[in-house]
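Here is how the chains run, residue by residue.
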Amino acid sequence: QRKWEEVEDAAFFKFENIGDTVEGTLVGTSSKSDQYGFGMYTLEQPDGKNVRFHGAAQLDPMMLSVKTGEYIKVEYVDNQKRPKGDMKVFKVYRSA
């Protein structure tokens, strides 16, 4: 007989301060999932729990080159001044 375990919603991670990072294995993506048309990404962390985060104008193009199953780290590194408001700047690293 099959045993069942309840699935919990992934915790949400918000990049608020320069230097904030999140890392894990990319297990899910969805494009244009928020009101601004940015993606949503889900990482499985080393403890086995999932965390999800919104993309951004500068982040989404980099995430296109990350394959499901890759271990990555996303870091919020700077704000770039723009006429329409600040834009968050990110770096994405993959495990070598």
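A short tour of the structure in this document, coming up. (Residues numbered from 1 in each chain as written. Predicted model: local features only at pLDDT ≥ 70, side-chain atom pairs only at ≥ 80, totals over all residues. Heavy atoms only, no water.)

Here we come to the sheet that holds strand 2 (residues 21-30). The strand order 1-4-3-2-5-6 describes an open sheet built from six strands, whose pairing is mixed. The open sheet terminates on both sides in strands that have one partner only, identified here as strand 1 (11-12) and strand 6 (87-94). Of the pairings in the sheet, the one linking strand 5 (residues 71-80) to strand 6 comprises eight bridges and is antiparallel in character. Pairing of Lys 73 across the sheet is with Tyr 93, part of strand 6. (Pairing = 2+ DSSP bridges. Helix = DSSP H or I, 4+ residues; strand = E, 2+ residues; numbered from the N terminus.)

As a further point, take the pairing of strand 2. Bridge count between strand 2 and strand 5: five bridges; the pairing is antiparallel. Along strand 5, the bridge assignment pairs Thr 21 with Glu 75. Sheet topology places strand 2 next to strand 3 (residues 40-44); five bridges connect them, and they run antiparallel. When the sheet's bridge partners are listed, Thr 25 is paired in strand 3 with Glu 44.

Below, the discussion takes up the nonpolar core. Phe 53, Met 63 and Val 74 are the most contacted members of the largest nonpolar core, which totals 15 residues. Listing elements by their share of this core, those giving two or more residues are strand 2, strand 3, strand 4 (50-54) and strand 5. Element by element, the count of residues in this core is highest for strand 5, at three residues. Those residues in contact with Met 63 that sit more than four places away from it in its chain are Leu 26, Tyr 41, Phe 53, Ile 72, Val 74 and Val 92. (Core = buried A, V, L, I, M, F, W, Y, C linked by side-chain atoms within 4.5 Å. Buried < 20%, exposed > 50% of the residue type's maximum accessible area, 1.4 Å probe, protein only. Contact = heavy atoms within 4.5 Å.)

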